[in-house]
Amino acid sequence: MYCTLCVREKKHNVFTAGTSNFRVKTIEMHIKGVDHKAVLESQHLRRNNVQVAVNRMVCARSKAVIAAMRNVYYLAKELLPTHKYKSLNELCILQGCETLAELRVSENAQYTHNDIVLDMQCAINNVLKEDLIVKENGVVARLKRENPAIGGTHCAAHKLNLCAQQAAAAIPSLQRYQRTVGSIYGYFSNSSRQARLKEMHVILDTDDVKLKSIHAVRWLSFGEANVALHRTMRTVAEVFQQDAELMHDTMAETLAKAMLTYEFIAINSLLCDILGTIACLSKAFQLKSLSFANVQPAVTSTINALRAMQIGDEGGPKFQEFLANIAENNGETYFKGEKIKATRAMRQAVDGVRQRFLDPIQNIEDRFPDIGLFSAFRIFDPRCLPRDNTERARFGRDELRTILDHLCPAGREPIVDTDTCSTEWPPFKELLHANYSKNSFQELVKIMATQHAGFLPETTKLLAAISVIPMSTVPCERGFSVQNRIKTKGRARLKAENLD
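Along each chain, residue indices are assigned from 1 in the same order as the chain's sequence is written. Thresholds applied to this predicted model are a pLDDT of at least 70 for local features of residues and 80 or more for the giving and counting of side-chain atom pairs; totals over whole chains, interfaces and linings are not thresholded and use all residues. Side-chain calculation: all heavy atoms of the structure are included, whereas hydrogens and water are not.

A.B. asks: Is there a simple way to explain empty space enclosed by the protein in this structure?
C.D. replies: In this approach, a probe sized like a water molecule rolls over the atoms, and the result shows the empty space that is left. Computed over the protein atoms alone on a 1 Å grid, cavities are sets of points where a 1.4 Å probe fits but cannot get out and pockets are open sets with protein on both sides within 12 Å along at least five of seven lines; a residue lines them when it has an atom within 4 Å of a point. Grid points are joined across faces, edges and corners, and a volume is the space filled by probe spheres set on the points. Enumeration over the complete set of coordinates arrives at two cavities of 30 Å³ or more. There is about 40 Å³ of room inside the second largest cavity. If you list the elements that add at least two residues to the lining of the second largest cavity, you get helix H9 (172–187) and helix H11 (221–246). Going along the chain from the N terminus, every DSSP run of H or I of four or more residues is numbered as a helix, and every run of E of two or more is numbered as a strand. Top element by residues in the lining of the second largest cavity is H9. It accounts for three residues. Of the residues contributing to the lining of the second largest cavity, the split by class is six nonpolar, no polar and one charged. Note on residue classes: Ala, Val, Leu, Ile, Met, Phe, Trp, Tyr, Cys and Pro are nonpolar, Asp, Glu, Lys and Arg are charged, and everything else, Gly too, is polar.

So, in structure tokens, the structure goes:
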């Protein structure tokens, strides 16, 4: 039996020579012995010395690392590429920033290479994410804990995008169609093929419409790509057929076969109708001038239009046009005179798309939980006020109660005096009818605050509270625009985590 610690330190005792005495007491005596204690103390001191040295090195470099991370943060905030990191550090050192000169720890740890930027960005990102994660809930939920009267406006574009994306994910026909559309766009990303497509537009006298790509994170962008393909379908198919025949291009042959089918052309027409209708609602919610009075009608009209496409035999206008151009001759199917492949399975798949895709999309109303409240706000839009005296007398009573119940919940200090608001409601309506029937809600808020606050004080406060609830998601869309200015086609090396 040996003591490896004493052997390593070249001590001279029975445990370095080796002993055959295996009793526990022998081991206990050795542990308490002078040699073994000296070995343990020297190792402890050595560990402490290493720790002290590391601490000193960290302290000496900490200011340099902080300065470097500031430069990394600056690059990100100014939308500059990471390869500028080294030259930015060199400029700072040249300008007299001696702190950054301490970055070089050794030949293998210089903290000056471009790759270190990714690690630093990741560290900054992790800290920011941790700060977000500990919030546990979304912004609206946290704010409502502080003030339940706050109303949350969900991003209509994002909600509708998820609605369409999730509905399409469960339908194999739509997934196949989406992959084919993506392949068509990829095929014509080649400049020579783009030139052939332009030439074919001239020959066939068709619209020279630019094909568009599909963004996975923005499924409704599929609508734009779908419409562009719909307008160039004939020209694109002709180029594919020529490339397959003259150049023996197998990809062109495959895509031509995929396009010239009943299923592909029918789904293209269906999606033109469906996504076009949803896009109209999305754009309506993004209008800066969106009125409270337009919220519910916009949602209702969209749902009704989608339901009509699902229930009716002919769907929307584009799909009706498709059916009108389908002809049968000797067991063969033709679309606008072009022979296409059409099977019973394809026809069933198209009918399945109409039913399965539109079912979940019709639940749009469920995705906007505050829509009832926003619709109630329409009573403060002067243009919604009835002209008939009897109708005007009854107008808005239920909606006013809904608004007051939301803004002045039980158990909290009310924003306004609810009884006084109810008392002020009739004279307020008559004031609008007599003087401000053509003004917008935004104009009315200013007028009440500057001219009638003394006459109708609680109603003026109520209007002020409502006026700060955002009806539009335009600021959210601006965020997407900023992202697109950063992540351009030229910045191909910018990864998702760095963009984040």
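A.B. asks: For this particular structure, what's the right way to read the sheet that holds strand E2 (residues 332–335)?
C.D. replies: If you trace the three strands from one edge of the open sheet to the other, you get E1-E2-E3, paired in antiparallel fashion. The sheet is open, and its two edges are formed by strand E1 (326–329) and strand E3 (338–340), each paired on a single side. In this sheet, neighbouring strand axes are inclined to one another by 40 degrees on average, regardless of whether the strands run parallel or antiparallel. Summarising the sheet, E1 and E2 pair through four bridges and their orientation is antiparallel. Pairing between strands is defined by DSSP: at least two bridges between them are needed. Inter-axis angles, ranging from 0 to 180 degrees, are taken between N-to-C directions of lines fitted to C-alpha atoms, where helices are fitted over the stretch in contact.

A.B. asks: I tried to follow the nonpolar core on my own but got confused; where do I start?
C.D. replies: Nonpolar side chains tend to gather and get buried jointly when the protein is soluble and globular. If you look at the biggest cluster of nonpolar residues, it comprises 50 residues, and the most contacted ones within it are Ile184, Phe188, Leu229, Val236, Phe240, Met259 and Phe357. In terms of residue count, the dominant contributor to this core is helix H13 (residues 262–285) (ten residues). Within this scheme, the nonpolar core is defined by two criteria: the residues are buried Ala, Val, Leu, Ile, Met, Phe, Trp, Tyr or Cys, and they are joined through side-chain atoms within 4.5 Å. The classification of residues rests on relative accessible area computed with a 1.4 Å probe and restricted to protein chains. Under 20% of the type maximum is buried, over 50% is exposed, and intermediate values are partly exposed.

A.B. asks: How should the layout of surface pockets be read in this particular structure?
C.D. replies: Of the voids in this model, the largest pocket is the one considered here, and its volume is about 1,100 Å³. Where the lining of the largest pocket is concerned, the elements lending two or more residues are helix H4 (34–77), helix H6 (116–133), helix H23 (474–486) and helix H24 (496–499). The greatest single-element share of the lining of the largest pocket, amounting to eight residues, is contributed by H6. Of the residues contributing to the lining of the largest pocket, the split by class is 15 nonpolar, seven polar and eight charged.

As far as function goes, none of this settles anything; it's purely spatial.
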